Amino acid sequence: MIRDITLGQFFPGKSLLHRLDPRVKLLWVLVYIILLFLVNTALGFTLYVVITAVLIKLSGIRVKMFFKGMRPIVFLLVFTAVINMFMTAGEPIFKLGFLSVTKEGIRIAVFMALRLMLLVTGTSLLTFTTSPIMLTDAIERILSPFSKIGVPADAIAMMMTIAIRFIPTILEETDKIIKAQKARGADFESGNILARAKAMTPILIPLFISAFRRADELAVAMECRCYHGGEGRTRLKQLKISKIDIESLCFIPVLLILVIFSRQFSLGLM
Amino acid sequence: MIKTEELKFSYKSEDKVTDVLNDININIIEGEFVAVLGRNGSGKSTFAKLMNAILLPTGGKAYVCGIDSADEDKIYDIRKNIGMVFQNPDNQLVATIVEEDVAFGPENLGVEPSEIRKRVDWALDVVGMREFAEAAPHHLSGGQKQRIAIAGILAMKPQCIVLDEPTAMLDPSGRREIINTVKQLNRELGITIVLITHYMDEAALADRIIVMSGGSVCLDGTPKDVLTQRERIKSLGLDTPQVTELMYNLKACGFDVNDKIINVEECVNELLRLIKKEKND
Ligand SMILES: Nc1ncnc2c1ncn2[C@@H]1O[C@H](COP(=O)(O)OP(=O)(O)OP(=O)(O)O)[C@@H](O)[C@H]1O
Ligand SMILES: [Mg+2]
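Only a predicted model underlies this, so the values are computations on that prediction, with no experimental measurement involved. (Residues numbered from 1 in each chain as written. Chains lettered and ligands numbered in written order. Predicted model: local features only at pLDDT ≥ 70, side-chain atom pairs only at ≥ 80, totals over all residues. Heavy atoms only, no water.)

(A) Spatial organisation of the interface of chain B and chain A. Each partner contributes to the interface: chain B provides 39 residues, whereas chain A provides 33 residues. With both chains or domains summed, chain B and chain A bury close to 3,300 Å², and 58% of this area falls on carbon and sulfur atoms. Taken together, the links from chain B to chain A amount to seven salt bridges. In this structure, Asp101 of chain B and Arg225 of chain A form a salt bridge, with 3.4 Å as the shortest nitrogen-oxygen distance. (Contact = heavy atoms within 4.5 Å. Buried area = accessible area lost by both parts, 1.4 Å probe. Salt bridge = Lys/Arg side-chain N within 4 Å of Asp/Glu carboxyl O.)

As structure tokens, this is what we get:
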């Protein structure tokens, strides 16, 4: 179960979205998220859904993957939707005991759910089409002007790369340890929160020990491969802003105008 | 290629000093395939780390490609020429994508991007992993990961590769993959190989075997010389290869066989000879 996490996963490919410079993509995701919170009408959401659908199509990644990425937030989605539906004051549509569902409630619930789903889809578009290395490279480049004031941009990027590299390895190991402890009769499911937290100790301790050992071995292996910080280091893949990047940036003002425009068009209550 | 003179090493911690290596004199020649044997704790890994200046001698000298390993300015010249592969493939891979990982060494050396590309493709071809260039390491088998680790070293264009029990965590098919790759590196590319191992059949493939015990070298010679000294090998806490053991036992039972045999091929021939002879009698 632990292995089929899609969030943060990368699907290699040659699509337009794959070819965009990761820095441009980061900027786009930022704009996408900010504008998403400005959208407040049905027209605006329709626009956003259409744009997102086009982007998914462009990425060449199966839609199923995006839904899979949404699985971890299903609970959050339902929870916020229900809360919004019942807790918003306004014109009641029907009553359930002392609770009443209002028209405004439904509106806010639907919008909020859409917003969350679009948020996850938008960021997934970034992580699905950008290799983690590209992403950390982009962050390194964005941070590099700050290295003059002591921000260790290259070390931060290296740390992120290693973290991403070892997440699956350590998850797998956790899985193994849990199974090993269960086989010895450990019980992680019963008792109150305190008892369960206590039951986690035999998992965490071996996990930590092994993580330290890994870190030690990895450090030696990196030294053997002549790692000595970011100084004088070249990269296999150079980041380069190309024509498509500039073209894609031109769409940012277009999106901005469309979103502002959509805010003026509330069709009735929607 | 690697020459040591009265090499000594001890680990120092606050409260005690552990002497691990004493007076090692060894000369590994260019193009040689050397296997290093020895029981647990005999100092093999420590010796390996002294070969590429991860550890520095506490006594004596180690010359690597003619450079004194204690010369701090030339440390990267040493490390790029003496590649190291370790036991656990997971803990050697740095990047999230195979080709990025292979590129890690040359990147650190400041090689031009176009040249890195060439080296990465070449190295992946050599280990037969080109088709996995864009895969994520955690989706590969142990043997495949270890081959990627080897490719990552190859991309630095080393003259010598030191492998510290590279097959210890692999299944039989993974072991075979790695040993074949190592042989190929030595035979076809002329890379000097130092293979530390606990498997006698792997050691039997080398040109030369060095046996370590208690931090010194106690046997040094061709596989045939070393592995057939049964008493000596046993007294050092090691085993002879299974085929040598078989021949020894046959001889002990009174069969007239040659017990100086170290590989399966020779063993098969010898057994065939024996069977034919028994038939004729
Ligand atoms: N970092 C260290 N600090 C102190 N002592 C160490 C350290 N690493 C190894 N030793 C000691 O040095 C000795 C030699 O260890 P080394 O790892 O070189 O042996 P080895 O021949 O590689 O053994 P193995 O076959 O188990 O890998 C051992 O007695 C070990 O306890
Ligand atoms: Mg060892």
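(B) How the structure looks around the site of ligand 1. Residues and elements named next belong to chain B. Close to ligand 1 lie Tyr11, Val20, Arg39, Asn40, Gly41, Ser42, Gly43, Lys44, Ser45, Thr46, Glu165 and His198, which account for all nearby residues. A distance of 2.5 Å separates an oxygen atom of ligand 1 from a polar side-chain atom of Thr46. Contacts to ligand 1 include His198, whose side-chain N or O atom sits 3.0 Å from an oxygen atom. For ligand 1, whose accessible area on its own is 630 Å², the fraction buried by protein is 58%. Among the elements that take part in the shell around ligand 1, helix α1 (residues 44-51) stands out by supplying three residues, more than any other. When the residues that make up the shell around ligand 1 are grouped by side-chain class, the tally is two nonpolar, seven polar and three charged. (Near = heavy atom within 4 Å. Polar contact = N/O pair within 3.5 Å; in protein donor to acceptor, adjacent residues only side chain to side chain. Areas by Shrake-Rupley, 256 points an atom, 1.4 Å probe, with all protein chains shown as cover. Helix = DSSP H or I, 4+ residues; strand = E, 2+ residues; numbered from the N terminus. Nonpolar A, V, L, I, M, F, W, Y, C, P; charged D, E, K, R; others polar.)

(C) Highlighting the pairing of strand β3 (residues 33-37) of chain B. Residue and element names in this part refer to chain B. Counting buried positions over the five residues of β3 gives five, a clear majority of the element. In terms of strand pairing, β3 meets strand β8 (residues 192-196) through four bridges, oriented parallel. In the sheet register, Val36 faces β8, and the bridge partner there is Ile196. Of the strand pairs in this sheet, β3 and strand β9 (residues 208-213) are connected by four bridges, and their pairing is parallel. Residue Val34 lies in a different strand from β9, and its bridge partner there is Arg208. (Buried < 20%, exposed > 50% of the residue type's maximum accessible area, 1.4 Å probe, protein only. Pairing = 2+ DSSP bridges.)

(D) The arrangement of the environment of Pro22 of chain A in detail. Residues and elements named next belong to chain A. Turning to its location among the elements, Pro22 is positioned in helix α2 (residues 22-36). Taking the C-alpha atoms as reference points, Pro22 and Ile133, 111 residues apart in sequence, are found 9.8 Å from one another. Once you skip the residues sitting within four places of it in the chain, Pro22 turns out to touch Thr130, Met134, Ala138 and Leu239.

Nothing here speaks to function; it is all geometry.
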